Every structure is written in structure tokens, then in C-alpha cells.
Amino acid sequence: MGEQTGIEWTSHTFNTHWGCVKVSPGCEHCYAESLDKRTGGKHWGPESERRFFGEKHWNEPRKWNEKAEQAGERRRVFCSSMADVFEEREDLDEIRHRLMALIEETPNLDWLLLTKRPQAMLDFFMGTSGAGYNAPMLPNIWCGTTVEDQQRADERIPILAAIPAVVRFVSFEPLLGPIVLTQGALRDIDWAIVGGESGGGARPMHAEWVKNLRMQLVGRVAFFFKQWGEWAPRPDDIAAQEGLVRLGKKGAGRLLDGREWNELPTPRRPT
């Protein structure tokens, strides 16, 4: 959690807690689990306890809200980089409602809630889960889901489309294969973030996957290219792993066809 963040598409990060359970191929090399282990934590897996935080931690976004108001601007908060708010655990019910209260208290912040469990997110906001949110959708909540391959696109995007958020976004990160989006998906999402995997065991993201997604999205959906990750297209004609070379995250950068893609969405009218 921090006021400063290296994530290019957000102003701040805030974690309601630490810990999760892996649910799909995109989770295989989870950076959050690796960081948790490096700091001595054991908060991953269905039987592990989650790490919770005190009042000082929860007060930080109120300070960001005040600064945003003083600056006359809106700021984006990514929640959560070290967890999934909508993991199906009863000990997270209170945390979810506490988060909703905090979001309501910070109207100058747009809260980006990203999940690999869009059905649980939908159930929460529609009030159909056991501890659902029985109130109108807040206008400063952006709802997103992670999509790493075609199967997850087909499964998760239609569920995300049913959530009445002012912005619905998809994080295609780590992008693990080619994806063809339906006309419905292109109509129902407002923002796409695309990126490759970084770290020691990173799987390559091929340039044709990215360019094909860009071709489908640009002009219809705001397009944000976050990073190549560990691997990038080779800058010369020497063949290397199907045209890719391992440069590391910093070396690979985030240029796509010679430019950065930093498009941001225009929020819908609240429903």
C-alpha cells in the first residue's frame, strides 16, 4: 500500500488485506505471493490466515482524498495489489463493507477494484451473496477483471458486463495467448490494460497477441499498454525464441510500435 506506486495506470495502491488463492493460469507466478514470502508471510492458500491492517493503514486514503480535493483533481486507487477483495471467504465480509464505507468517504478518488472472481463481485454488488452490498453502486467505483487467455475472456467478461459500474475494465495481464473479443465484449468494457509477465519464471507475451488486441480495441475501448514484461520483440533480425529476447522488465519497457499507449476511459453515467 502506498501513496507512491510503480504501477503506471494508477495514482495509489491500497490493500484491504494480504493473501489469496490461485484460481487460473494467470496466477501461476503470482508476484504478490512471492513478495509475501520474501517478507516472511504465509498468507496464500485456502487454509492460510489473511494479513489484516489497523486504523493508520485505513486512514491513508482519507489523506489522499484531501490532497486530491485541494489539487482540484481526481486520483485513481488500485485495490488490491496483494489480494483479491472478492475472494470467497467469510472473514472478508466485514472488510468488504468497511471498504465500501471508505470509498463513500473519499469521493475525490476513483477506486479500481480488480478481481479474478467477477461472479463473486457481481453477487456482492447485486446483494445476492450472503453478505452482499445492499446499496446503490457508488459513482467512484471502477470494476475490473483479469483476463489472461481466451477461456477467461469468454468466462469473465460477460459477468463483468452485468455490473453497473461507471467504468468496467479488463486487465489482460499477464497476456498468455491470443484473444478474440466478441462485439458484446467490445461494447460492454470501457478500458483495457495489456501487459506481459515479469519475474524469474515469466512466460513470453508475443507481439502478435498484443497487436491483434490493439487492433480490436483502439477506437472502441480506451487502450493502455502497461509493459512487455520480461520478454520483448527482438530489435534486430536475429531469431530468438520466436522473435523475442529476454531483456527484463526495465529493458523491455512499454513502447508498442515506437510509442506509449496511455488511454484512459470516460466514465459512464451512474445507473
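For the structure itself, consult the block above.
Residues numbered from 1 in each chain as written. Predicted model: local features only at pLDDT ≥ 70, side-chain atom pairs only at ≥ 80, totals over all residues. Heavy atoms only, no water.

Q: Would you mind showing me how to read helix H4 (residues 118-125) here?
A: Side chains that are three or four residues apart share a direction in an α-helix, a result of its 3.6 residues per turn. Of all the eight residues making up H4, six are buried; the element is thus mostly covered by neighbouring parts of the structure. Where H4 is buried, its residues meet helix H3 (93-105), strand E3 (109-115), strand E4 (141-146) and helix H5 (150-160). (Buried < 20%, exposed > 50% of the residue type's maximum accessible area, 1.4 Å probe, protein only. Helix = DSSP H or I, 4+ residues; strand = E, 2+ residues; numbered from the N terminus. Contact = heavy atoms within 4.5 Å.)

Q: Could you clarify how one ought to interpret the pattern of salt bridges in this entry?
A: Think of it this way: side chains of opposite charge can pair up when their charged atoms draw near. For the coordinates displayed, the defined rule picks out 23 salt bridges. Ionic pairing is found between Glu60 and Lys63, a salt bridge with its closest N-O pair at 3.2 Å. Here Lys63 and Glu60 lie together in helix H2 (residues 55-71), a separation of three residues that amounts to about one turn. A residue is classified by how much of its surface remains accessible, and Lys63, at 44% relative accessible area, is partly exposed. For Arg89, the salt bridge goes to Asp91, with nearest N and O atoms at 2.9 Å. One salt-bridge network, in which partners are shared between bridges, spans Lys22, Glu33 and Lys37. (Salt bridge = Lys/Arg side-chain N within 4 Å of Asp/Glu carboxyl O.)

Q: Explanation requested: the sheet that holds strand E6 (residues 191-195) in the structure shown.
A: Hydrogen bonds along the backbone pair up the strands of a sheet, which may run parallel or antiparallel. Read across the open sheet, the seven strands follow the order E1-E2-E3-E4-E5-E6-E7; overall the sheet is parallel. On the outer flanks of this sheet lie strand E1 (12-13) and strand E7 (222-227), each paired with one strand and no other. Of the strand pairs in this sheet, E1 and strand E2 (residues 75-79) are connected by two bridges, and their pairing is parallel. Bridging from a neighbouring strand, Thr13 pairs with Phe78 of E2. Here H3 sits on the sheet in contact with E2, E3 and E4, set at roughly 150 degrees to E3. (Pairing = 2+ DSSP bridges. Axes fitted to C-alpha atoms, helices over the stretch in contact; angles between N-to-C directions.)

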